[in-house]
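Here is how the chains run, residue by residue.
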Amino acid sequence: MKENERLLKMWKTETVEWIDVELTSFCNIACPGCLRQEKRKQVESILNKDMINFSDLQKWISKEKFPSLKLMNFCGSVDEPTTHPEMLKIVEYFLEFSEVNIASNGSTKTKDFWKRLGEYGVSVFFGLDGTDQKSLEKYRIGSNFKKVQENYRAFIKAGGNATWQFIVFDHNEHLLEEAKEISDKEGFKNFRTIFSHRKGSGEVEKQVVEEQEIFCKYGNQKRLFINHTGSLIPCCFLNSEALELHANKKPKTKFGTKYMELGNVLSNNLRYNTISEVLTGELFEYVVDSWSTNPVEKCWKTCKQKKRDIFVDQTIGVK
């Protein structure tokens, strides 16, 4: 079986194991490396305006439609998932047939909210790139270290599975071991170190070895991405471009040109199509077919040259 055919078979409702969802277009902080800040002029018109309704999620994703689903991951390009007013209902629903993970800056809501979230036993990755207010807010502008600390303590005490997530920058690299020590004392179960592919905010890079060919991370993980507009796309790496197109309808790449040619959101938005229709539609087929002829630029850069974040995961307490 050809690689392209194999990946298209992975992207079927009966085989998908992992779904990323960008729940909202709202966020409470201003990280310089985020799409919200890097391309604010291009995407400002769609920020802080929309979110996916719980009822839509129930309609789109169920055990019957995704019998192999193992993980719902709430982590988007422009959102803070916990700003969604129905977050607890959403978690409760998906726990009936899947594990749940949330990527959060932790500087939202109340201790009671985080306690209730912890009682569900879900996994949360807390974005903590510092060990105090001064070091944290150098990148996570607007985040409150004391509030994050109160929230993760309430979450952990209630039984939540917490991971301390630390992006390495020039300004905080010397704090990495201290952060690991604090996370151990505070009861975090895991520590994730991120070496970012982004440039301009002082991120520390790590050298990688290119793949011999495009090795699709999402396809091989049987994974999909849904953004806050309801658009289903092959991966998070294409989401920034999809959101720009949603905002200004000005294509700059092969993917963008095809996206607009197919009718913009009309071709892949779950408000107008079923998930099966999108997965078997022209957009997914075009992306995969491009790899053997004239690859979509983001696929080449991200899954051939591997210009993407590198994660180093460590279980706390295990040396």
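Each value, and the rule that gives it
- Residues numbered from 1 in each chain as written.
- Predicted model: local features only at pLDDT ≥ 70, side-chain atom pairs only at ≥ 80, totals over all residues.
- Heavy atoms only, no water.
- 1 Å grid on protein atoms, 1.4 Å probe; cavity = no way out; pocket = protein on both sides within 12 Å on 5 of 7 lines; lining within 4 Å.
- Points joined across faces, edges and corners; volume = space filled by probe spheres on them.
- Helix = DSSP H or I, 4+ residues; strand = E, 2+ residues; numbered from the N terminus.
- Nonpolar A, V, L, I, M, F, W, Y, C, P; charged D, E, K, R; others polar.
- Pairing = 2+ DSSP bridges.
- Contact = heavy atoms within 4.5 Å.
- Axes fitted to C-alpha atoms, helices over the stretch in contact; angles between N-to-C directions.
- Salt bridge = Lys/Arg side-chain N within 4 Å of Asp/Glu carboxyl O.
- Buried < 20%, exposed > 50% of the residue type's maximum accessible area, 1.4 Å probe, protein only.

Here we look at the layout of surface pockets
So, step 1. Of the pockets and cavities examined, the second largest pocket occupies roughly 170 Å³.
So, step 2. Considering the residues around the second largest pocket, the lining is formed by 13 residues, among which Glu99, Val100, Asn101, Ser123 and Asn161 are closest to the centre.
So, step 3. Elements with a minimum of two residues in the lining of the second largest pocket: strand 3 (99-104), strand 4 (123-127) and strand 5 (161-167).
So, step 4. Per element, the largest residue contribution to the lining of the second largest pocket is 3 residues, and it comes from strand 3.
So, step 5. In the lining of the second largest pocket, the residues fall into 6 nonpolar, 6 polar and 1 charged.

Let's talk about the sheet that holds strand 8 (residues 232-233)
So, step 1. Read from one edge of the open sheet, 9 strands run 8-7-1-2-3-4-5-6-9, paired in mixed fashion. Two strands close off the open sheet at either side, each with one partner strand: strand 8 and strand 9 (310-315).
So, step 2. Here strand 7 (residues 223-226) pairs with strand 8 via 2 bridges, running antiparallel. Paired with Ile226 across the strands is Leu232, a residue of strand 8.
So, step 3. Across the face of the sheet, helix 9 (residues 176-186) comes into contact with strand 5, strand 6 (190-195) and strand 9 while running at roughly 155° to strand 6.

Examining the pattern of salt bridges
So, step 1. What the rule picks out here adds up to 15 salt bridges.
So, step 2. Between Glu244 and Lys39 there is a salt bridge, with its nearest N and O atoms 2.9 Å apart. Highlighted residues: Glu244 in helix 11 (residues 239-248) and Lys39 in the loop between helix 2 (35-38) and helix 3 (40-43), separated in sequence by 205 residues.
So, step 3. With a relative accessible area of 31%, Lys39 lands in the partly exposed category.
So, step 4. We note a salt bridge from Asp313 to Arg192, for which the minimum N-O separation is 2.6 Å. Remark: Arg192 occurs in strand 6 and Asp313 occurs in strand 9; sequence separation between them is 121 residues.
So, step 5. Residue classification places Arg192 among the buried positions, given a relative accessible area of 15%.
So, step 6. Taken together, the shared-partner salt bridges in this structure form one network comprising Glu17, Lys70 and Lys222.

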